[in-house]
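# Observations on the three-dimensional arrangement
The residues making up each chain are set out below.
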Amino acid sequence: MFHSDRIARRAAGVVILLGLLAGGAGAHELMPAPADITEGAGRLTVDAALGVAVDRPEDARLRAGVARWTESIRLRSGVAVATARGAAAVEIKTAAVRVGMPTLGDDETYTLAIDEHGAVLSAPTTTGALRGLATLTQLLQKDDHGWFLPAVVIKDGPRFPWRGLLIDVARHWEPEEVIERNLDGMALVKLNVLHLHLTENQGFRIESKLYPQLQELGSDGKYFTQDQIRHIIAYAADRGIRVVPEFDLPGHTTSWLVAYPELGSAPGPYSIERHWGVFDPVFDPTNPKVYELLDGFLGEMAELFPDDYLHIGGDEHNGVQWTANPRIQQFIRDHGLKGNEGLQTYFNRKLQAILARHGKKMIGWDEILQPDLPPGTVIQSWRGPAGLADAVGHGFPAILSNGYYIDLNYSAAQHYRNDPLPADTPIPPAGQKLVLGGEATMWGEWVTPSDIDTRIWPRTAAIAERLWSPRSVTDVEDMYRRLAIADLRLAEAGTHQDDESRIRVPGVDPASPTGAALRTLASVVQPVTHYKRGGLQPDVTQLSPPNDLADWCKPESLEARSFNQSVKAWLLADGALDVAGANQLRAQLILWGRASELVVRAPVAGNPIAQARAKAAATQAALCQTGLDCMAALLSGQRIGPSQNQEATDALAVAAKPTAAAVVFPTTDGVHLLLAAAEDPSARDRLPRQEWAAQLQKSIPVQPDDE
């Protein structure tokens, strides 16, 4: 799916941003960065004369990939690239046709050579060719002379074989179209594993033909049919992406026990959980009927999902029901188990035997790690690098998710700096070979189909680069330059992070000035990080509509980041303060301030959500006015007046406090810089630039680390 009209509007809106982030001459725009790239002189013109040829036309998966590439070219440029037999300007060569489903360890390497005469994409496998086509999609450019592919030689391949995205469809239901468009985004940035979290306390999201009560009673009618799952698997496979299902056991199982309360560790009845958190319901590992159901169900799922791996979860079981059940405690003693932890190990051994019988390998979260875990079991570490090191130290392959929890709303830079194997890793070389890669995790407490894409993209592209590109690719500023471009390319591919239809208020015309003001306000604030929102909005449940400011805004406002960077550049530039630069900054502050004031004046009618939104808008408006006051003082060369200084200090203090709207104000960094400069304008000329820069930086409060 492509949305060229919406993307054109979005592209117009980020021209200034791209200009501010522009790299030097010849800087490539690719994300992930290739393993090796040599940029040449010249270009391959993309016009009606361009054709593409595939040397193995019998390869249906490659033909489909080429068709998607030519369609992306047509929708972006208007050029219809013809598919030809024999010689053509773009040649795609593969050594072998890929038969069957993608598997762990598939060869994803490719080479790409482009000059003024043509382009040759060569790969040993279909999957490698698909990765090369993703690069070709990103290479398309335009200048005054028209559309073209730049001359370049790329030799590329992934650093890690497991590069995943977890999508939790259980806490909030995410239908098939959401999964498909995000698979398209994954393919563009070369991710290769879709991890579907299918069962939770809040929902059982897959059809079982053997045990239909599971979905009938545990899903509110929202689940994937088996035919839909087959379609998703095929859709993913066409893009070289594996699908790994997760059925979280023995905890996180309330939705199972709605249908089968007799399998729980405490008497029922059970009902679907509507709130968020860690809950008590858990399977009873001492009950043989638990294993009868799991054998039947997991066998059914093993036939449905072709991947070698099946995820059993295994995390966050609090042990409350096991401890409170005398019969379960007696079982632990009778079998010589080491408490509840030993009972979970007993349960996991039973699960592993079931999975092995059905031809599957087990993957689970940190908590399943124990000495006699079957060889080859994959540990997914959510608790940190120490968990990763512990897993591989015991000889188990592992993947890292700690540091890639995109639901926690951290910046792309924080995720980007998180490396499964940093240069100073304590893991010895033998253990490093067992680190398969990592996964971004999109947990579903605070996302619905209308806003999930805003939480995934574009930040997950930065994680994709960390998992694909060489360890040496670490330039954060260049990452942001390319991330802004990747954001556009992802939206062209069909992702919905820029779809502003999610920003709706009953009774407010989206085309009205107030509707536009709401969109502007949402573009410059960010949701709170970590798990703070639950404390600020404890009444929000699975059934609450996603109609709050924190639902509309993106985890990282690239507009606010650009503003902060521009303020710093303006203040640190040599010579007199640039008036043209000042006018650009002032125009941005005026736009944001006026929009915020419109939101403040919008009717709230006793609605707590609207009241919180208006209060947040008032805070943003005050920040904008503070910035304007500071700039006026700086341009006049006069120290900011005492009353304005106090107003500025008060505005920044208010912006630093938690809000009922569960948002933060990232432009405070830029305003802090302006205030520090306005309090002592002469320091800019008096101090050496390095000392001046350090003094400015000290004005920005250090944020606590929530991880």
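Residues numbered from 1 in each chain as written. Predicted model: local features only at pLDDT ≥ 70, side-chain atom pairs only at ≥ 80, totals over all residues. Heavy atoms only, no water.

### Examining the overall build of the protein chain
When helices and strands are tallied, the protein chain shows 28 helices and 19 strands. A globule of 707 residues ought to have a C-alpha radius of gyration of about 27 Å, and the protein chain, at 27 Å, matches this closely. Reported as C-alpha extents along the three principal axes, the dimensions of the protein chain are approximately 80 × 70 × 55 Å. Counting the 707 residues in the protein chain, one finds 58% classified as buried. Counting contacts in the protein chain only where the partners sit at least 6 residues apart, residues at least 24 apart contribute 77% of the total. Total accessible area on the protein chain is roughly 27,800 Å²; 55% of this is exposed by carbon and sulfur atoms. Treating the 66 positive side-chain charges of the protein chain as one cloud and the 86 negative ones as another, the clouds have centres 1 Å apart. (Helix = DSSP H or I, 4+ residues; strand = E, 2+ residues; numbered from the N terminus. Rg over C-alpha atoms; globule rule 2.2 N^0.38 Å. Buried < 20%, exposed > 50% of the residue type's maximum accessible area, 1.4 Å probe, protein only. Contact = heavy atoms within 4.5 Å. Areas by Shrake-Rupley, 256 points an atom, 1.4 Å probe, with all protein chains shown as cover. Lys, Arg positive; Asp, Glu negative; His and termini not counted. Charge placed at Lys NZ, Arg CZ, Asp CG, Glu CD.)

### Considering the packing of helix H17 (residues 459–468) against helix H18 (residues 476–493)
Closest axis-to-axis distance for the H17/H18 pair is 9 Å, and the angle between their directions is 115 degrees. Judged by the twist between their axes, the crossing of H17 over H18 is right-handed. From H17, Ala461, Ala462 and Glu465 reach across to H18, where they touch Met479, Arg482, Leu483 and Leu490. When grouped by side-chain class, the residues that make up the contact of H17 with H18 number 5 nonpolar, no polar and 2 charged. (Axes fitted to C-alpha atoms, helices over the stretch in contact; angles between N-to-C directions. Left-handed = near helix turned anticlockwise from the far one by under 90°. Nonpolar A, V, L, I, M, F, W, Y, C, P; charged D, E, K, R; others polar.)

### Section: the pairing of strand E14 (residues 361–365)
With respect to burial, E14 is a largely interior element, 4 of its 5 residues being buried. Bridging between strand E13 (residues 309–311) and E14 involves 3 bridges; their strand directions are parallel. Of the residues in E14, the one forming a bridge with Tyr309 is Lys361. Sheet topology note: the E14/strand E15 (residues 378–381) ladder contains 3 bridges and is parallel. In the strand pairing of E15, Gly364 is matched with Ile379. (Pairing = 2+ DSSP bridges.)

### What to know about the layout of surface pockets
A water-sized probe rolled over the atoms picks out the places where empty space is left. Each pocket or cavity is described by its volume, and for the largest pocket that value is around 1,400 Å³. Secondary-structure elements contributing two or more residues to the lining of the largest pocket are helix H14 (412–416), H18, strand E18 (526–527), helix H20 (532–536), helix H22 (558–572), helix H25 (642–655) and helix H26 (668–679). For the lining of the largest pocket, a count of residues per class yields 21 nonpolar, 13 polar and 10 charged. (1 Å grid on protein atoms, 1.4 Å probe; cavity = no way out; pocket = protein on both sides within 12 Å on 5 of 7 lines; lining within 4 Å. Points joined across faces, edges and corners; volume = space filled by probe spheres on them.)

### Here's the deal with the nonpolar core
Most often, soluble globular proteins keep nonpolar side chains buried together rather than apart. Ranked by internal contacts, the top residues of the largest apolar core, which has 102 residues, are Leu194, Ile206, Phe247, Trp256, Leu294, Phe297 and Phe305. By residue number, the principal contributor to this core is helix H9 (residues 288–304), which donates 8 residues. If we ignore the near neighbours within four places in the chain, the residues touching Phe305 are Leu198, Ile206, Ile229, Ile233, Val243, Pro245, Phe247 and Lys360. Within the second largest apolar cluster, 55 residues are counted, among which are Trp552, Val567, Ala582 and Trp592. (Core = buried A, V, L, I, M, F, W, Y, C linked by side-chain atoms within 4.5 Å.)

### Some details on the pattern of salt bridges
Under the counting rule described, the total for this entry stands at 31 salt bridges. With its nearest N and O atoms 2.8 Å apart, the salt bridge here joins Asp168 to Arg171. What you see here is one network of salt bridges that share partners, running through Asp168, Arg171, Glu200 and Glu445. (Salt bridge = Lys/Arg side-chain N within 4 Å of Asp/Glu carboxyl O.)

### With respect to the confidence of the model for the protein chain
A low pLDDT means the predicted coordinates there should not be read in detail. On average, the protein chain scores 93 in pLDDT, and the residues at 70 or more come to 95%. Across residues 1–25, confidence stays below pLDDT 50; counting only partners more than four residues off in sequence or on other chains, it has 44 contacts. (pLDDT = per-residue confidence, 0-100.)

### Here's the deal with H25
For H25, built from 14 residues, the straight-helix expectation of 20 Å at 1.5 Å per residue is met to within 8% by its first-to-last C-alpha distance of 20 Å. Listed in full, the buried residues belonging to H25 are Asn645, Ala648, Ala651, Leu652 and Ala655. The arc that holds every buried residue of H25, seen down its axis, measures 125 degrees, which confines them to one face. Summarising the geometry of H25, the exposed residues directed more than 90 degrees from the buried face are Pro642 and Ser643. (Expected span 1.5 Å × (residues − 1). Arc of directions from axis to C-beta.)

### Focus on the packing of H22 against helix H28 (residues 689–698)
Across the interface, H22 lies against H28 with an axial gap of 10 Å and an inter-helix angle of 145 degrees. Both H22 and H28 take part in a crossing whose hand is right-handed. Contact residues: Lys568, Leu571 and Leu572 in H22; Arg689, Trp692, Ala693, Leu696 and Gln697 in H28. Of the residues that constitute the contact of H22 with H28, the class distribution is 5 nonpolar, 1 polar and 2 charged.

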